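Notes for the structure review
As a plain string of letters, each chain reads:
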Amino acid sequence: MAYTLDIFRFDQATDEVPHRDRVEITDLPETVTVLDALEHAKAEIDGSITFRRSCRSAICGSCSMNINGTTGLACKTPVRSVLRSDRSIAVDPMPNFQPMKDLVVHMDPFWDKYTRLKPYLQPADKDEEHATERRVSPEDMKKLVAVANCVLCATCYALCPVVSVDPAFAGPAAIAYAYRFIEDVRDSKRKERAAQISDDYLWLCAHCYACSYCPKHVDPHDDIIAVKRATIEEGLTDAPGPRHALVVAKTVKATGMLHETEVIQGTVGRFNIRGLIKVAPLGIRLALAGKIPPLFLKPVPKVDEIRTIFETLEAPTL
C-alpha cells in the first residue's frame, strides 16, 4: 500500500521561505527505512530532494533528521514504525540548526563547540617514552565505552531545549566528549578541560533528559552530571551554577529539606552585594505575599538516613 513523504523543502540560495512537497511512494514496502524511502524518492521521482547520508548502518550519523517531530537516524527508522494515520511521514531538518537546503543543515555551531574541547588525547609524556601503547585497565576503560559509541549525529543537540533558547550552551554531545577525556586516565588536561566546558555554559543543563533519546544509547545526561562533579572536584566553583548545586546539597544533607533562604544567598554569593540587591525585589514580593521561607529549619525525622545517602554517593557539598 502506498504512503507519502511530506518533505520540508528550502534552498537558502533561492528561497525566502520554506515550503513542503508531498511525494507518493508506491513501489517500496513499509519494511524499508525512511532513508530508503528518501533515496527512492530522489532517484525515481525528484532528483532535487537533498539530504545527507553515507553508511546506511547507523555508524556515520549523517542522516540525522526530524521524523514526525522526533529527531533520529533515518537509516535506523523503519517506515512502518512512523506511518501516521493518513499514511504519511513528515520529514524535516533537525531543529536547533539553520536549514541549508531541504534536510541539510548548517552544522558549524555543533562542530565549533566540539572543536573547542580539543577532542584528542593530551598525555603528560611523549609517545617515544613508551615501548608499547599506553595501556588502560578494563575498569578504567569501562567508563568510556558508552560515550565511545557516540557517532556525533547531533540528535541530542537537536533535541536539547536549552540549546533552543540559548545557543551558547555547549550541548549534550560536546559535554559527553568532555567527559570522555576528563575520565581518561592517560590524559593530563583534566582541569583545563573542565574549565573549558564550564566556560561553555555547562551549568545551563536543565537535566530534562531529552538527550537520553540517543540512537546509539550513549545517554549523555549521565555524563553531564559526571562532568559537573568533575568541575567541582577541580575547584571550579566560583560561578552561580556550582554554587547552587553545592548549597542545595548542603541544606538537604543538613535538614532533609531545601532551605530556600540559604539557597538564594549561596547561589548569588553571600558577599556579592550587587547580586543580592538584584534579587531583593523577589524577597520583597515574597514578604508581601506572606511566603518568606523560615530562616531556620528543623531537621526532618530520620535525617541521618538522608545523610547516609550523601555519604554513600560521596556527593560534594559545601
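Presented here is an overview of the structure given in this document. (Residues numbered from 1 in each chain as written. Predicted model: local features only at pLDDT ≥ 70, side-chain atom pairs only at ≥ 80, totals over all residues. Heavy atoms only, no water.)

**Here we look at helix 11 (residues 260-268)**
- Taken together, the buried positions of helix 11 are occupied by Thr 261, Glu 262, Val 263, Gly 266, Thr 267 and Val 268.
- Along its buried surface, helix 11 packs onto helix 10 (240-255) and helix 12 (273-288).
- A positive backbone phi angle near 115 degrees is found at Gly 269, which sits one or two residues after helix 11. (Buried < 20%, exposed > 50% of the residue type's maximum accessible area, 1.4 Å probe, protein only. Helix = DSSP H or I, 4+ residues; strand = E, 2+ residues; numbered from the N terminus. Contact = heavy atoms within 4.5 Å.)

**Topic: the pattern of salt bridges**
- Counted under the stated rule, the structure contains 27 salt bridges.
- One salt bridge connects Glu 183 with Lys 143, and the closest N-O pair in it is separated by 3.4 Å. Of this pair, Glu 183 sits in the loop between helix 7 (172-182) and helix 8 (190-199) while Lys 143 sits in helix 4 (residues 138-148), and the two are 40 residues apart along the sequence.
- With a shortest N-O distance of 2.7 Å, Arg 180 and Asp 184 are connected by a salt bridge.
- Accessibility expressed as a relative area gives 19% for Arg 180, which makes it buried.
- Connected via shared salt-bridge partners are Lys 143, Glu 183, Arg 190, Arg 229, Glu 233 and Glu 234. (Salt bridge = Lys/Arg side-chain N within 4 Å of Asp/Glu carboxyl O.)

**Side note on the sheet that holds strand 2 (residues 19-25)**
- The strand order 2-1-5-3-4 describes an open sheet built from five strands, whose pairing is mixed. Each edge of the open sheet carries a strand with a single partner, namely strand 2 and strand 4 (70-73). With direction set aside, neighbouring strand axes in the sheet form an average angle of 30 degrees.
- Direction of pairing for strand 3 (residues 64-67) relative to strand 4: antiparallel, over a ladder of four bridges. Along strand 4, the bridge assignment pairs Ile 67 with Thr 70.
- Along the sheet, helix 1 (residues 34-44) contacts strand 1 (3-9), strand 2, strand 3 and strand 5 (88-92); its crossing angle with strand 1, the most-contacted strand, is approximately 75 degrees. (Pairing = 2+ DSSP bridges. Axes fitted to C-alpha atoms, helices over the stretch in contact; angles between N-to-C directions.)

**Overview of the side chain of His 40**
- In this structure, His 40 sits in helix 1.
- A polar side-chain atom of His 40 sits 2.8 Å from a polar atom in the side chain of Asp 27.
- Residues in contact with His 40, not counting those within four places in the same chain, are Ile 25, Asp 27, Leu 28 and Ile 45. (Polar contact = N/O pair within 3.5 Å; in protein donor to acceptor, adjacent residues only side chain to side chain.)

**Comments concerning the nonpolar core**
- Core analysis: the largest hydrophobic core is formed by 41 residues, its most contacted members being Phe 97, Phe 110, Ile 175 and Ile 197.
- Of all the secondary structure elements, the ones that give two or more residues to this core are helix 3 (108-116), helix 5 (155-159), helix 6 (161-165), helix 7, helix 8 and helix 9 (220-233).
- Here the element with the most residues in this core is helix 7; it accounts for nine residues.
- Each residue touching Phe 110, except ones within four places of it in the same chain, is listed here: Phe 97, Leu 152, Ala 154, Tyr 157 and Ala 173.
- Residues Ile 7, Ala 74, Val 82 and Leu 103 belong to the second largest nonpolar core, which totals 29 residues. (Core = buried A, V, L, I, M, F, W, Y, C linked by side-chain atoms within 4.5 Å.)

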